[in-house]
Amino acid sequence: MIPSLLPIHVRPDVVFERGEGAYLYDLSGRRYLDFICGIGVTGLGHCHPRLVAALREQEEKVWHLSNLFEIPEQTRLAQRLVAASFADTAFFFNSGVEAIECSLKMARKYQDSVGHPERYRIITFEGAFHGRTLAAIAAGGQDKHLAGFGPPMDGFDQVPFGNLNQVSGALTEQTAGILVEPVQGEGGIRPAAPEFLQGLRRLADEMGILLIFDEVQCGMGRTGRLLAHEWAGVAPDIAAVAKALGGGFPVGACLALERAASGMTVGSHGTTFGGNPLAMAVANAVLDVMLEEGFFEHIVEMGEKLSARLDRLVKDHPKVVEGDIRGTGLMLGMRCIPPNRDLVVALREAGLLAGPAGDNVLRLLPPLIVGEAEIDEAVGILDSVFAGFDS
Ligand SMILES: *Cc1c(COP(=O)(O)O)cnc(C)c1O
């Protein structure tokens, strides 16, 4: 008999009751160090006092208005994101995939508005992940996500990640834009080389097409900058962010340059729940914390420490993990030799939550507020669990 909850996820036999900072506590009171953060969402840790206070304050005022009315906290968040990023304008949704959907629609609408309605196709990359709607699984192009759901939505051309020549070769008269994750998350913590992103920017400019960055996972501080592409010194025309933007409250945003957004006129898109007052109050509080002096420097510093310690583990456990540590800031991965999922299970049993990613990678997304003592603790657990896989 089918469970009352649609069984599309396999879950371990543990139930978390509460969280505080970098830790989660299960029903029996056992403590776990959370280095996956609900897949990069609880960037400020669990129940950050400033986020709790912001939610409490808003919950007594008003919860929902819809976008029929002005939401002052939404206007304010848009202004602040615009001031802190490449973007001229922002709009809010409830999830990453909705921000992606808006980005794709915006790129097509832009081309239509500049007299190129025939340009609707988007170039995407192998190993990509953009979410689970019909458009997003077509964009991601992964068989495991597409299988059984009928013909994939038309309009996506996929090429190998990191190969500029193949991108040039795939451009046609119908290309509207290029969609890329500056650091592939699900694909195995694979950062794009700065030169690759710079090359995409050049190609997009030459061809009059739009460059869209999917920063749903790598954005909002994860790599030690507000947006990951800042490291490469290039800006997109459109970017999608989500995960850490709400610190655990569901919220996503589509950020864009004025020119790229020019086709999105009144009535061209919409959402009932997106950008509601609760989400906006929390996201503003997230931004309050992230934009404070030293926040990003802390991520860089902790990321370097953790990365160096992980590198040591690769040398100490050559039968368990191999190769270079992947990623930047606090978005890190190690390639496993045994199945990554077996390591994830063993680590959890030892009190450390990590996640799998593509290419048999063990993914670590610690909270951005992580401290040195917690890094020491995590590395100690990794070391002892890896030792159990050594022989
Ligand atoms: C998680 C993720 C998405 C989808 O976000 P949802 O909130 O699950 O819809 C899209 N792109 C990337 C890079 C992601 O990591």
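Summary of the structure given here.

Parameters at a glance
- Residues numbered from 1 in each chain as written.
- Predicted model: local features only at pLDDT ≥ 70, side-chain atom pairs only at ≥ 80, totals over all residues.
- Heavy atoms only, no water.
- Helix = DSSP H or I, 4+ residues; strand = E, 2+ residues; numbered from the N terminus.
- Areas by Shrake-Rupley, 256 points an atom, 1.4 Å probe, with all protein chains shown as cover.
- Pairing = 2+ DSSP bridges.
- Axes fitted to C-alpha atoms, helices over the stretch in contact; angles between N-to-C directions.
- Contact = heavy atoms within 4.5 Å.
- Salt bridge = Lys/Arg side-chain N within 4 Å of Asp/Glu carboxyl O.
- Buried < 20%, exposed > 50% of the residue type's maximum accessible area, 1.4 Å probe, protein only.
- Expected span 1.5 Å × (residues − 1).
- Near = heavy atom within 4 Å.
- Polar contact = N/O pair within 3.5 Å; in protein donor to acceptor, adjacent residues only side chain to side chain.
- Nonpolar A, V, L, I, M, F, W, Y, C, P; charged D, E, K, R; others polar.
- Parallel < 35°, antiparallel > 145°, perpendicular 65-115°, else oblique.
- Left-handed = near helix turned anticlockwise from the far one by under 90°.
- Phe/Tyr/Trp six-rings, centres within 6.5 Å; stacked < 30°, edge-to-face > 60°.
- Lys NZ or Arg CZ within 6 Å of the ring centre and 35° of its normal.

## Brief notes about the overall build of the protein chain
Helices and strands together make up the secondary structure of the protein chain, namely 12 helices and 17 strands. Principal-axis analysis of the C-alpha atoms places the extent of the protein chain at approximately 60 × 55 × 55 Å. Total accessible area on the protein chain stands at roughly 17300 Å², and carbon and sulfur atoms take up 55% of it.

## Digging into the sheet that holds strand β4 (residues 89-93)
The pairing of strands in a sheet comes from backbone hydrogen bonds and takes either a parallel or an antiparallel form. Taken together, seven strands build an open sheet; the order of strands is β4-β12-β11-β10-β7-β5-β6 and the sheet is mixed. Each of the sheet's edge strands pairs with one partner strand only, and the pair in question is β4 and β6 (156-159). Geometrically, the sheet is characterised by an average inter-axis angle of 20° between neighbouring strands, direction not taken into account. Where β4 lies against strand β12 (residues 252-256), five bridges are found, and the strand directions are antiparallel. Considered in β12, the bridge of Phe-91 is made with Cys-254. Running over the sheet, helix α3 (residues 72-84) touches β4 and β12 and is turned about 130° from β4.

## Concerning the pattern of salt bridges
Under the criterion given, the structure shown has 21 salt bridges. Among the salt bridges present, the one from Arg-225 reaches Glu-230, with a minimum N-O distance of 3.4 Å. Between Asp-359 and Arg-326 there is a salt bridge, with the nearest N and O atoms lying 2.8 Å from each other. You can see Asp-359 sitting in the loop between β16 (355-357) and β17 (361-364) and its partner Arg-326 sitting in strand β13 (residues 321-328), a full 33 residues away along the chain. Here Arg-326 falls in the buried class, since its relative accessible area comes to 17%. One network of salt bridges, with partners in common, ties together Arg-201, Asp-205, Asp-237 and Arg-259.

## A word on α3
The first and last C-alpha atoms of α3 sit 18 Å apart over 13 residues, in line with the 18 Å expected at 1.5 Å per residue. Of the residues making up α3, those classed as buried are Gln-74, Leu-77, Ala-78, Arg-80 and Leu-81. Residues of α3 that are buried in the fold lie against β4, β12 and α9 (277-290).

## Notes on the site of the ligand
Taken together, Ser-95, Gly-96, Val-97, Phe-129, His-130, Gly-131, Glu-181, Asp-214, Val-216, Gln-217 and Lys-243 make up all the residues around the ligand. Take Val-97: an N or O atom from its main chain is 2.8 Å from an oxygen atom of the ligand. Here an oxygen atom of the ligand sits 2.6 Å away from a polar atom, N or O, in the side chain of Lys-243. Summarising the interface, the protein chains cover 81% of the accessible area of the ligand, which totals 380 Å² for the free molecule. Across the shell around the ligand, the residue classes tally to three nonpolar, five polar and three charged.

## A word on the packing of helix α2 (residues 49-59) against α9
Between α2 and α9, whose axes approach to 9 Å, the crossing angle comes to 150°. With respect to their mutual orientation, α2 and α9 come out roughly antiparallel. Crossing of α2 over α9 shows right-handed handedness. Between α2, through Arg-50, Leu-51, Ala-54, Leu-55, Gln-58 and Glu-59, and α9, the contact on the second element is made entirely by Pro-277, Leu-278, Ala-281, Val-282, Ala-285, Val-286, Asp-288 and Val-289.

## Some points on the pairing of strand β3 (residues 31-34)
Pairing of strand β2 (residues 23-26) with β3 involves three bridges; the strand directions are antiparallel. Note that in β3 the partner of Tyr-25 across the bridge is Arg-31. Linking β2 back to β3 in an antiparallel pair, the connection comprises four residues, with Gly-29 at a positive phi of about 90°.

## Comments concerning the packing of aromatic side chains
Note on aromatic pairs: each is described by the distance of the centres and the angle between the planes. Inspection of the entire model under this criterion finds six aromatic pairs. Between Phe-91 and Phe-93 the ring centres are 5.5 Å apart and the planes differ by 65°, which places this aromatic pair in the edge-to-face class. Here Phe-91 falls in the partly exposed class, since its relative accessible area comes to 32%. Relative to Phe-196, the ring of Phe-161 has its centre 6.1 Å away and its plane inclined at 75°; by these criteria the two rings are edge-to-face. Of the two residues, Phe-161 is situated in the loop between β6 and α7 (164-170) and Phe-196 in helix α8 (residues 194-207); the sequence distance between them amounts to 35 residues. The residues Phe-161 and Phe-196 share a single accessibility class, namely buried. Aromatic ring contacts, followed pair by pair, group Phe-125, Phe-161 and Phe-196 into a single cluster. Taking the ring centre of Tyr-32 as reference, the NZ or CZ of Arg-30 above it sits at 4.8 Å. Lying over the aromatic face of Trp-231, Arg-225 brings its terminal NZ or CZ to 4.8 Å of the ring centre.

Function cannot be inferred from these measures alone, as they are strictly geometric.
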